[in-house]
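So you can see what is in the structure, the chains are spelled out below.
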Amino acid sequence: MTPEEALDLVIHCLDRAHTGGFKVKAFVRARDVVRSTDPAEIAERAANDTLTKLDGIGDATARVITEALAGGVPSYLTKLEETTQVPITPEGQRYRDALRGDCHLHSTWSDGGAEIEEMAATARGLGHEYMVLTDHSPRLTIAHGLNRERLEQQLDDIAELNAGFDDFRILTGMEVDIWEDGSLDLDDDLLERLDVVVASVHSKLRMERHQMTERMVLAVANPHVDILGHCTGRLIGKRPESTFDADYVFAACKQFDTAVEINCRPERLDPPRQLIDVAVAYDCWFSIDTDAHATGQLEWQPHGCNRAAEREVPIDKVINTMTAEDLLAWTAGG
Ligand SMILES: [Zn+2]
Ligand SMILES: [Zn+2]
């Protein structure tokens, strides 16, 4: 294992444990220093115990580098591998076993922390047959949303990457913002070209109930929309659920074959339990997605699987249990 690989794995484990903050940043910084430094210099400094003289490398990161160079698995990584597994219930495992892909995730093209290639390699390593790349739409400038030009460039890049796989596929997509009037933040011709479209509310989350209902129903009814992302917008302990008439929204999801996302991010876990129950009662489709912004977060599907099992979501109504071909047929039909 090279120092870079060891640091990458540490970052992956910290991300899947949702550690965040200073610790992850320190390891990302050290990884970047290692990437941009001559390996001979790294080895020499490890031998002389002078790695920490490099700007961006501290005691903890130096130890990982030194132990990797010594030929073993760094002890810190071994500890993280054991302690950061994402918990799954036996019932949740049934759902996880049935999943073949992940329909909502981000790359460095918008606000993600990993390149498309890295996300794809991890998704493939997790046993997925496909992933849908859903970077943000133009209006979300704080998240580096993709304008037409960049999206078209991304579609070309994905086609090139796909040519290199024989057992995995990157499906094209976008997490498209839903404007206040229910219209979508992307032109129709581009929506048409994408394999899978996730539509989400990211602004004016405190909109009055009646208006929010209308806004969401219009988006759900849009023929290009396949999945309604994190429907309440809540951030647990930080931001309340937005208010809308769930009967109208989920009846529309049923009517227009738009899947209700079960968002697996630990701070979202959206929809909340009682709303999953409403969507189940309406016989909606579901999609259990990580909304990953880092490779480690691609391991978050158990959070949603546990929740789906608990609320008895029918497995055959979960769209990412389908093969890529069936999913594409489903999105084209819906
Ligand atoms: Zn979102
Ligand atoms: Zn997202």
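What counts and how
- Throughout this document, residue positions are counted from 1 along each chain, in the order its sequence is written.
- Chains and ligands are labelled sequentially in the order written, the chains with letters from A and the ligands with numbers from 1.
- Under the rules for a predicted model, residues below a pLDDT of 70 receive no local features and side-chain atom pairs below 80 are neither given nor counted, while totals for whole chains, interfaces and linings still include all residues.
- For the side-chain quantities, the full set of heavy atoms in the structure was used; hydrogens and water were omitted.
- Only buried residues count toward a nonpolar core, which is a set of Ala, Val, Leu, Ile, Met, Phe, Trp, Tyr and Cys residues joined through side-chain atoms within 4.5 Å.
- Accessibility here uses a 1.4 Å probe with only protein chains present; expressed as a share of the type maximum, an area under 20% marks a residue as buried, one over 50% as exposed, and anything in between as partly exposed.
- Only DSSP runs of H or I with at least four residues qualify as helices, and only runs of E with at least two residues qualify as strands; both kinds are numbered from the N terminus onward.
- Contacts were defined at the residue level, with two residues in contact if any of their heavy atoms lie within 4.5 Å.
- Expected helix span is given by 1.5 Å per residue-to-residue step, counting one fewer step than there are residues.
- Along the arc lie the directions from the helix axis toward the C-beta atoms.
- Pairs of N or O atoms are called polar contacts if they sit within 3.5 Å, as long as, within protein, a hydrogen donor faces a hydrogen acceptor (for residues adjacent in sequence, only side-chain-to-side-chain pairs).
- Because no water is among the atoms considered, metal sites can look incomplete, with donors defined as N, O and S atoms within 2.8 Å of the metal, or 3.2 Å for Na, K and Ca.

J.: Got a minute to help me understand the nonpolar core in this structure?
T.: Looking at soluble globular proteins, one finds that nonpolar side chains tend to be buried together. Of all hydrophobic cores here, the largest spans 61 residues; its most connected members are Met131, Phe250, Phe286 and Ile288. Considering every element that reaches this core, the biggest residue donor is helix H11 (residues 246–255), with five residues. Once residues within four sequence positions are removed from consideration, phenylalanine 286 is found in contact with Ala259, Val260, Ile262, Ile276, Ala279, Val280, Val313, Lys317, Val318 and Ile319. Counting 23 residues, the second-largest nonpolar core is a separate cluster that includes Ala6, Leu14, Phe27 and Val64.

J.: Is there a simple way to explain helix H10 (residues 209–221) in this structure?
T.: Residues spaced three or four apart along an α-helix face the same direction, because each turn holds 3.6 residues. Here H10 spans 18 Å end to end across 13 residues, near enough to the 18 Å set by a 1.5 Å rise per residue. For H10, the complete set of buried residues consists of Met212, Thr213, Arg215, Met216, Ala219 and Val220. With its buried residues spanning 165° around the axis, H10 presents them on a single face. Buried positions along H10 lie against strand S5 (227–228) and H11. Between a side-chain oxygen at the N-terminus of H10 and the backbone nitrogen of histidine 210 the separation is 3.0 Å; the capping residue is glutamate 208.

J.: Quick question: what am I supposed to make of the side chain of histidine 128 here?
T.: Residue position: histidine 128 is located in the loop between helix H7 (116–125) and strand S2 (130–133). Relative accessible area serves as the criterion here: at 3%, histidine 128 is assigned to the buried category. Side-chain polar atoms of histidine 128 contact the backbone nitrogen of glycine 101, separated by 3.4 Å. When sequence neighbours within four positions are dropped, the list of residues in contact with histidine 128 reads Arg96, Leu99, Arg100, Gly101, Asp102, Ala123, Phe168 and Gln301.

J.: Mind showing me how you'd approach the coordination of the zinc ion (ligand 1) here?
T.: Think of it this way: four donors in a tetrahedron around the metal ideally sit 109.5 degrees apart, and six in an octahedron ideally sit 90 or 180 degrees apart. Distances from the zinc ion (ligand 1) to its protein donors, namely Glu175 (OE), His202 (NE2) and His230 (NE2), fall within the range 2.1 to 2.2 Å. In the primary sequence, the donor residues of the zinc ion (ligand 1) line up as E-x26-H-x27-H.

J.: Whenever I open this one, the environment of leucine 54 confuses me. Can you help?
T.: Within the secondary structure layout, leucine 54 lies in the loop between helix H3 (39–48) and helix H4 (59–69). Taking the C-alpha atoms as reference, leucine 54 lies 9.7 Å from valine 34; in sequence the two are 20 residues apart. The residues touching leucine 54, leaving out its near neighbours within four places in the chain, are Val33, Glu41, Ile42 and Arg45.

J.: Please explain helix H6 (residues 90–98) as it appears in this structure.
T.: Of the residues making up H6, those classed as buried are Gly92, Tyr95 and Arg96. The arc that holds the buried residues of H6, viewed along the axis, is 100°, so those residues lie on one side. Among the exposed residues of H6, those oriented more than 90 degrees off its buried face are Pro90, Arg94 and Asp97.

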